[in-house]
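A look at the structure
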Amino acid sequence: KAIASEQVLINVGNAYRLPELPTPFFNHVMLYLPEFDLYTDPTASQAAFGILPQNSYDKPVLHISGAGGRLARTPPMRPQDHVTIARTTATIGADGVVKGTTRQTATGIFAASARNRATQIQTLGREKFAETMLRSLGRPGTGIFEPAIPSDLSERYSVQGEFSLHEKLQIPLSGARDIPIGMPIHGRPGVGLLGQRVAGRQTDFACYAGKQVEEIVLTFAEGLPLPKA
């Protein structure tokens, strides 16, 4: 397409500063398009154009081109670019059976992750993957995901599935109960964006910029009012 580009050397590990000594540091190559002032990683096949892997933001890089080499830094993440929203609508039957639908809508790194999930859905099967997902959430049940196309690189990207849990909600409704969270394909809010705390840490603490939203709507069968407003 005759679009000018520069090769960009980067370290995709947990390294956000150049070493003080000139030791081997870079372990991956991506591209920079001067005309668009844009970094892009052609190996990130499930990310939209211009969306980098989450461990490639705000890092020192070395540009290599016919003009020579120069040091630079990839842009920091912006939370408004990386958003995931899990919307679950569920019903509680008179017998305590929990059924519902979860739709996960995502952009940025979350959309790339969702497309990876879509690939797994295609490989394992829509019903089997739903069963596996519910079991991993600690809420076994059955379900089915709608057909999802991993090659769809448009943003926003959505994955939706229906579920029915094996464990019934205890009746009558008195005392504390766990709220059904549905069948989200991403971690719940607070999971995934912050790195683990390590005592005596010698490496950088990774903290990613993003937005995680969880919306749950529960409808109770006739005669099953909430125990507390």
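Residues numbered from 1 in each chain as written. Predicted model: local features only at pLDDT ≥ 70, side-chain atom pairs only at ≥ 80, totals over all residues. Heavy atoms only, no water.

1. Quick notes on the nonpolar core
The biggest cluster of nonpolar side chains holds 43 residues, and the ones touching the most others in it are Phe145 and Val159. Put simply, the parts of the chain that give this core at least two residues each are strand S1 (6–10), strand S2 (28–33), strand S6 (83–92), strand S7 (98–106), helix H1 (108–124), helix H2 (126–136) and strand S9 (157–165). If we skip the residues at most four places from it in the chain, phenylalanine 145 touches Ile121, Arg126, Phe129, Ala130, Val159, Gln160, Gly161, Met183 and Ile185. (Core = buried A, V, L, I, M, F, W, Y, C linked by side-chain atoms within 4.5 Å. Buried < 20%, exposed > 50% of the residue type's maximum accessible area, 1.4 Å probe, protein only. Helix = DSSP H or I, 4+ residues; strand = E, 2+ residues; numbered from the N terminus. Contact = heavy atoms within 4.5 Å.)

2. Remarks on the environment of arginine 135
Position of arginine 135 relative to the elements: it lies in helix H2. For the pair formed by arginine 135 and leucine 165, sequence separation is 30 residues and the distance between their alpha carbons is 9.9 Å.

3. Quick word on the pattern of salt bridges
If you walk through the whole model with that rule in mind, you get seven salt bridges. Of the charged contacts, one joins arginine 73 and aspartate 58 as a salt bridge, the two residues approaching to 2.9 Å between their closest N and O atoms. With arginine 73 in strand S5 (residues 68–73) and aspartate 58 in the loop between strand S3 (38–40) and strand S4 (60–65), this residue pair connects regions lying 15 residues apart in the sequence. Classification of arginine 73 as partly exposed rests on a relative accessible area of 41%. Across the pair glutamate 131 and arginine 135 runs a salt bridge, and its minimum N-O distance is 3.0 Å. One end of the pair, glutamate 131, and the other, arginine 135, are both in helix H2, four residues apart, so they sit about a helical turn from each other. For arginine 135, a relative accessible area of 45% corresponds to the partly exposed category. (Salt bridge = Lys/Arg side-chain N within 4 Å of Asp/Glu carboxyl O.)

4. Some thoughts on unusual backbone geometry
Of note, the amide linkage connecting glutamate 155 to arginine 156 takes the cis form, showing an omega dihedral of 15°. Along the polypeptide, arginine 156 turns up in the loop between strand S8 (141–145) and S9. Backbone geometry at alanine 2 places phi at a positive 60°, although glycine is not the residue there. In this structure, alanine 2 sits in the segment before S1. Accessibility expressed as a relative area gives 83% for alanine 2, which makes it exposed. Here the phi dihedral of aspartate 58 falls at roughly 55°; this positive angle occurs in a residue that is not glycine.

5. Some thoughts on the sheet that holds S8
Strand pairing in a sheet relies on backbone hydrogen bonds. The paired strands run either parallel or antiparallel. Pairing is mixed across the open sheet formed by five strands, whose spatial order is S8-S9-S7-S6-S10. Since the sheet does not close on itself, it has two edges, and those belong to S8 and strand S10 (211–220), each with one partner. Put simply, the sheet's adjacent strands are angled 15° from each other on average, direction ignored. Direction of pairing for S7 relative to S9: antiparallel, over a ladder of eight bridges. Its bridge partner being in S9, arginine 103 is matched across the sheet by glutamine 160. Against the sheet, H1 contacts S6, S7, S8, S9 and S10, and its axis sits at roughly 55° relative to S9. Contacting S8 and S9, H2 crosses the sheet at an angle of about 130° to S8. (Pairing = 2+ DSSP bridges. Axes fitted to C-alpha atoms, helices over the stretch in contact; angles between N-to-C directions.)

6. What about the sheet that holds S3?
With respect to topology, five strands assemble into an open sheet ordered S3-S2-S1-S4-S5, the strand pairing being antiparallel. Here the strands that pair on one side only, and so sit at the sheet edges, are S3 and S5. Each strand of the sheet is rotated relative to its neighbour by a mean of 35°, with strand direction disregarded. Pairing of S1 with S4 involves three bridges; the strand directions are antiparallel. Across the sheet, glutamine 7 pairs through a bridge with isoleucine 64, a residue of S4.

7. Regarding H2
Residues Phe129, Ala130, Met133 and Leu134 constitute the buried set of H2. Angular distribution of buried residues about the axis of H2 spans 135°; they occupy a single face of the element. Residues of H2 that are exposed and point more than 90 degrees away from the buried face comprise Glu127 and Ser136. With its phi angle positive at about 75°, glycine 138 sits one or two positions after the end of H2. (Arc of directions from axis to C-beta.)

8. Some details on the packing of aromatic side chains
According to the stated counting rule, one finds three aromatic pairs in the structure shown. Centre to centre, the rings of phenylalanine 25 and phenylalanine 26 are 5.1 Å apart; their planes meet at 80°, and the pair counts as edge-to-face. For phenylalanine 26, a relative accessible area of 28% translates into the label partly exposed. Relative to phenylalanine 145, the ring of phenylalanine 129 lies with its centre 5.7 Å away and its plane at 55°, an arrangement referred to as tilted. In this pair, phenylalanine 129 sits in helix H2 while phenylalanine 145 sits in strand S8, placing the two residues 16 residues apart along the sequence. The two residues phenylalanine 129 and phenylalanine 145 agree in class, both being buried. The ring of tyrosine 157 carries arginine 115 above its face, with NZ or CZ at 5.0 Å from the centroid. (Phe/Tyr/Trp six-rings, centres within 6.5 Å; stacked < 30°, edge-to-face > 60°. Lys NZ or Arg CZ within 6 Å of the ring centre and 35° of its normal.)

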